[in-house]
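# Observations on the three-dimensional arrangement
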Amino acid sequence: RENVMFYFDPSKVAAGQVKQGQRFRLGGMVVKGSVQRQSGSLHVKFTVTDFAHNVPVSYDKVLPDLFKEGAGVVALGRLDGHGTFVADEVLAKHDEKYMPPEVARSLKQGQAAAAANAAEAPH
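None of these values were measured; they are calculated from a predicted model.

## Some details on unusual backbone geometry
Positive phi is not limited to glycine here, since Phe51 has a value of about 75°. Relative to the helices and strands, Phe51 resides in the loop between strand 4 (44–49) and strand 5 (54–59).

In structure tokens, the structure reads:
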């Protein structure tokens, strides 16, 4: 049972469903304009979204070739004490058709929630 790794989207992370230090899979889309590379090292920071909530990610290994802003990603790791997801593995997806079903589902739910919030906002 302790080898099972659960999947959480940014909304579930924001809702506090993940304990600090718990190892899990985080999935969503890489926010455009969020990738920050540290000069002279492999360290990179980026943000993952499900269109309803965002989670900052820190990673210090070689990113997969398909990794890019605006594309799907699944990262394995844990939250640190500051709410940053510290990844020890990043898997990039080039198309929503090839995403794990739970990632595609959470993105659709996030898009629907974001659209509902936008419709309720005063103009």
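## Structural notes on the side chain of Ser34
Structurally, the position occupied by Ser34 is in the loop between strand 2 (23–30) and strand 3 (36–37). Polar contacts involving the side chain of Ser34 include one to the main-chain carbonyl oxygen of Val31, which spans 2.7 Å. For Ser34, the residues in contact, after removing those within four places along its chain, are Lys45, Phe46, Thr47 and Glu69.

## Examining the environment of Asp50
On the secondary structure map, Asp50 appears in the loop between strand 4 and strand 5. Between the alpha carbons of Asp50 and Ser11 there is a distance of 7.0 Å; along the sequence they are 39 residues apart. Among the polar contacts made by the side chain of Asp50, one reaches the main-chain amide nitrogen of His53 at a distance of 2.9 Å.

## Some remarks on the nonpolar core
Residues Val13, Phe24, Leu26, Phe46, Phe67, Phe85 and Val90 are the most contacted members of the largest nonpolar core, which totals 21 residues. Contributing elements (two or more residues each) for this core: strand 2, strand 4, strand 5, strand 6 (72–79) and strand 7 (85–93). In terms of residue count, strand 7 provides more of this core than any other element does, four residues in total. Every residue in contact with Val13, bar those within four places of it in the chain, is listed here: Phe8, Val18, Phe24, Leu26, Val55 and Leu79.

## Here we look at the pairing of strand 5
The pairing of strand 4 with strand 5 spans six bridges and is classified as antiparallel. In the strand pairing of strand 5, Thr47 is matched with Pro56.

## Some points on the pattern of salt bridges
For the structure on display, the rule yields one salt bridge. Close ionic contact of Arg23 with Asp88 constitutes a salt bridge, the shortest N to O distance being 2.8 Å. Taken together, the positions of Arg23 in strand 2 and Asp88 in strand 7 put the pair 65 residues apart, joining distant regions of the chain. On the basis of relative accessible area, Arg23 is assigned to the partly exposed category, the value being 31%. When its relative accessible area of 29% is taken as the criterion, Asp88 is described as partly exposed.

## Notes on the environment of Ser11
Along the chain, Ser11 turns up in helix 1 (residues 10–14). Sequence-wise, Ser11 and Thr49 are 38 residues apart; in three dimensions their C-alpha atoms are separated by 8.4 Å. Here Ser11 is in contact with Asp50, Ala52 and His53, once residues within four sequence places are set aside.

About the thresholds
Residues numbered from 1 in each chain as written. Predicted model: local features only at pLDDT ≥ 70, side-chain atom pairs only at ≥ 80, totals over all residues. Heavy atoms only, no water. Helix = DSSP H or I, 4+ residues; strand = E, 2+ residues; numbered from the N terminus. Polar contact = N/O pair within 3.5 Å; in protein donor to acceptor, adjacent residues only side chain to side chain. Contact = heavy atoms within 4.5 Å. Core = buried A, V, L, I, M, F, W, Y, C linked by side-chain atoms within 4.5 Å. Buried < 20%, exposed > 50% of the residue type's maximum accessible area, 1.4 Å probe, protein only. Pairing = 2+ DSSP bridges. Salt bridge = Lys/Arg side-chain N within 4 Å of Asp/Glu carboxyl O.

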